[in-house]
Amino acid sequence: MEFEPIDEELEQVLKEIVDSVDECSGYADDLFDHKMECRALNSLGFFEDYEEYIDGAVSVRPTYEAMKYFDRKKRWKAEQNKNAIKEVGGKVLDKGVDFAAVVVAKAAGL
């Protein structure tokens, strides 16, 4: 399962939408302030249903993936950190081995 983080501004709007979803209907309504961001999130496939109204309001029904986006991002970041630590640990180990080889070579008079 590949994860691709979205723009931070879109993340902020997605967080607001996810937090405002009605548990019964599954919709977030009356999103007046974020029409452009909602359009961008819709084009990225974050909504099952997307409606724009004449008065400027937007109503959306987020997908399951949108509702779980922040959980997935948290796991992805943890994996990224784990991989970075492994990489740094490997470099430290390589330097340690190099240093040990130099010490042994000097001790042996090479």
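Just above sits the structure.
Residues numbered from 1 in each chain as written. Predicted model: local features only at pLDDT ≥ 70, side-chain atom pairs only at ≥ 80, totals over all residues. Heavy atoms only, no water.

Q: Let's hear about the overall build of the protein: which residues, and what values?
A: Looking only at helices and strands, one finds 4 helices and 2 strands in the protein. Ordered by position from the N terminus, the helices and strands of the protein form the series α-α-β-β-α-α. Excluding contacts between residues fewer than 6 apart, the proportion of contacts in the protein whose partners are at least 24 apart in sequence is 53%. When the accessible surface of the protein is split by element, carbon and sulfur atoms take 55% of a total near 8,200 Å². (Helix = DSSP H or I, 4+ residues; strand = E, 2+ residues; numbered from the N terminus. Contact = heavy atoms within 4.5 Å. Areas by Shrake-Rupley, 256 points an atom, 1.4 Å probe, with all protein chains shown as cover.)

Q: Mind laying out a negative patch on the surface, listing which residues take part and the relevant values?
A: Where like charges cluster on the molecular surface, the negative patch consists of D22, E23, D29, D30 and D55. Looking at the element boundaries, D29 is found in the loop between α1 (8-20) and α2 (35-43). (Patch = residues over 30% accessible without salt bridge, like charges linked within 9 Å, V, L, I, M, F, W, Y side chains within 5 Å. Salt bridge = Lys/Arg side-chain N within 4 Å of Asp/Glu carboxyl O. Lys, Arg positive; Asp, Glu negative; His and termini not counted. Charge placed at Lys NZ, Arg CZ, Asp CG, Glu CD.)

Q: Give me the packing of aromatic side chains: which residues, what numbers.
A: Here the structure, examined in full by the defined rule, presents 5 aromatic pairs. Centroid distance F3 to Y69: 5.2 Å. Interplanar angle 40°. Geometry classified as tilted. One end of the pair, F3, is in the segment before α1; the other, Y69, is in helix α4 (residues 69-107), with 66 residues separating them in the sequence. Each member of the pair F3 and Y69 is classed as buried. (Phe/Tyr/Trp six-rings, centres within 6.5 Å; stacked < 30°, edge-to-face > 60°. Buried < 20%, exposed > 50% of the residue type's maximum accessible area, 1.4 Å probe, protein only.)

Q: Explain the nonpolar core to me, using residue names and the numbers behind them.
A: Counting residues in hydrophobic clusters, the biggest one holds 19 residues, and the most contacted among them are L14, I17, L41, F46, F47 and V60. The element best represented in this core is α1, accounting for 5 residues. (Core = buried A, V, L, I, M, F, W, Y, C linked by side-chain atoms within 4.5 Å.)

Q: Before we move on, can you summarise the pattern of salt bridges with the specific residues and values?
A: Between side chains of opposite charge, pairing is possible as soon as their charged atoms come close. Considering all chains together, one arrives at 4 salt bridges under this definition. Between K73 and E11 there is a salt bridge, with its nearest N and O atoms 2.8 Å apart. Highlighted residues: K73 in helix α4 and E11 in helix α1, separated in sequence by 62 residues. An identical accessibility class is assigned to K73 and E11; each is buried.

Q: Account for the environment of E4, naming residues and giving values.
A: Here E4 is to be found in the segment before α1. Accessibility expressed as a relative area gives 63% for E4, which makes it exposed. Counting along the chain gives 69 residues from E4 to K73, while the straight-line C-alpha distance between them is 8.4 Å.

Q: Provide a residue-level description of the environment of E51, including the pertinent values.
A: Looking at the secondary structure, you find E51 in strand β1 (residues 47-52). Put simply, E51 and R61 are 10 residues apart on the chain and 9.2 Å apart in space, counted from C-alpha to C-alpha. Apart from the residues within four sequence positions on either side, E51 is in contact with A57, V58 and S59.

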